[in-house]
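Spelled out from the first residue to the last, the chains are:
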Amino acid sequence: MIRKLLLSARTPKSTYTLQGSYYDKITRKHLYCVENGKRVVSDFEHDGSYKQFDILLNDSAIYTLEYDDSNPYELAVVDFYMNHPLVFTEAHENPNLINALFSCVQQHKIVETEVTHMTENLDIALKCLALSFEEKHDLAFALGIDARSLTHKELVSRLIGPNLTGEAVARKNVFNHFYESIGADRMTKVYAQKAITLGIIKIENGFYRVGGRTLGSSERDVIDMCVSDKDFFYGFIKTEVDKEISTPSDKLDDMSKEDVTELVAEKIQDVKNSRKKKTEIVDSLTV
């Protein structure tokens, strides 16, 4: 399949030359781009008959390289530019990077990455919708949301969002930790976060403190303290939180199973539509 790679200068109102040669730290060879940018050779192959291919770019110019992703010689040219000491490529670690004067973009990869992220977001949304009202209530507190007065529909809106941009989706690591935790581990995290949200555990000078006791500088430190010190957790934290927060009232549960089913179908359809559009974009980037 024919793909496109785009190269452009990152600095405005300047003209730079992207030289077609550099020393590659991985192969430990000097590499040269030759034959009008269609081939890469090393210093062992360069016999002086090849003409080095340089690219002159200003702030408004874009160099487009069309390549066949099944051709190893043309893929070597792509690797040459992506690992050039003066080229920055999004979502790619360049071991040779010295000064990012140029940007390298592979549009199809950007779109494919977006589709992957969208699928991950949908997975979290579906898992979140499958939680009970009480579990969503606890999840909200685990995310630092005071959910005491929120209805079921309001919780869904905060956690998932209209376009899969809610707190649960945006903070995947917190959601995954909550979702994968069971029993005491989940309860400890939820109660620790509730205590922070309610102000039972306060932040003073960058540290979490309660009753003159320093628990640490991060929420993780607070949770670890609650896990390790059972007397502190059950004798104080859980007791104090339970005075302020109880099981969410049934009156706030305004979401039926039919509502959940409808919302799931809606989210899946939204993702299908977006995926279709992105697929069309990828197709349009091929020749």
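Every chain begins its residue count from 1, and numbering advances along the sequence as written. For a predicted model such as this one, the threshold for reporting local features is a pLDDT of at least 70, and the threshold for listing and counting side-chain atom pairs is 80 or more; totals across whole chains, interfaces and linings nevertheless cover every residue. Hydrogens and waters are ignored; side-chain quantities use all the structure's heavy atoms.

A. Examining the overall build of the chain more closely. Segments assigned H or I by DSSP are reported as helices when at least four residues long, segments assigned E as strands when at least two residues long, and all are numbered from the N terminus. A tally of regular secondary structure across the chain gives ten helices and twelve strands. Just to be clear, the radius of gyration here is over C-alpha atoms, and the globule rule we use is 2.2 Å times residues to the power 0.38. Compactness check: the chain gives a C-alpha radius of gyration of 27 Å against a globular reference of 19 Å for 287 residues, more than 25% above the reference. Principal-axis analysis of the C-alpha atoms places the extent of the chain at approximately 85 × 50 × 35 Å. Buried, partly exposed and exposed residues are distinguished by accessible area as a fraction of the type maximum, computed with a 1.4 Å probe on protein chains only: under 20%, between the cut-offs, and over 50%, respectively. In the chain, which comprises 287 residues, the proportion classed as buried is 39%.

B. Structural view of the environment of Val174. Relative to the helices and strands, Val174 is located in helix H6 (residues 172-180). Exposure remark for Val174: the relative accessible area of 11% places this residue in the buried category. Taking C-alpha positions, Val174 is 18 Å from Phe133, a pair spaced 41 residues apart along the chain. The contact rule is simple, with two residues in contact once any of their heavy atoms fall within 4.5 Å. Once residues lying within four places of it in the same chain are set aside, the contact partners of Val174 are Ala142, Leu143 and Lys189.

C. Representation of unusual backbone geometry. Phi angles above zero are rare outside glycine, and Arg28 is one such case at about 60 degrees. With respect to the element layout, Arg28 can be found in the loop between strand E3 (21-24) and strand E4 (29-34). In the Ramachandran plot, Glu35 falls in the positive-phi region, its phi being about 50 degrees despite a non-glycine side chain. Note on placement: Glu35 falls in the loop between E4 and strand E5 (39-42). Note on Glu35: relative accessible area 42%, which makes it partly exposed.

D. Just the pattern of salt bridges, in detail. A side-chain nitrogen of Lys or Arg and a carboxyl oxygen of Asp or Glu constitute a salt bridge if their distance falls within 4 Å. The final tally for this structure, using the stated rule, is ten salt bridges. For Asp138, the salt bridge is made with Lys194, and the minimal N-O distance between the two is 3.2 Å. Separated by 56 residues along the polypeptide, Asp138 in helix H3 (residues 133-142) and Lys194 in helix H7 (residues 183-198) bring together distant segments of the chain. On the basis of relative accessible area, Lys194 is assigned to the buried category, the value being 7%. Notably, a salt bridge pairs Arg220 with Asp224, separated by 3.0 Å at the nearest N-O pair. Separated by four residues within a single helix, Arg220 and Asp224 lie in helix H8 (residues 219-228), roughly one turn from each other.

E. Here's a closer look at the sheet that holds strand E1 (residues 2-9). Strands are labelled as partners when DSSP assigns at least two bridges between them. What the four strands build is an open sheet, ordered E7-E1-E9-E8; its pairing is mixed. Of all the strands in the sheet, the pair left with one neighbour each is strand E7 (62-68) and strand E8 (87-89). Across this sheet, the average inter-strand angle for adjacent strands is 25 degrees, counted without regard to direction. Axis definition: a line fitted to C-alpha atoms, limited for helices to the stretch in contact. Angles are taken between N-to-C directions and run from 0 to 180 degrees. Contacts between helix H1 (residues 72-82) and the sheet are confined to E1, E7, E8 and strand E9 (102-105), with E7 contributing the most and set at about 145 degrees to the helix. Those strands touched by helix H2 (residues 107-130) are E1, E7 and E9, and its axis lies near 105 degrees from that of E1.

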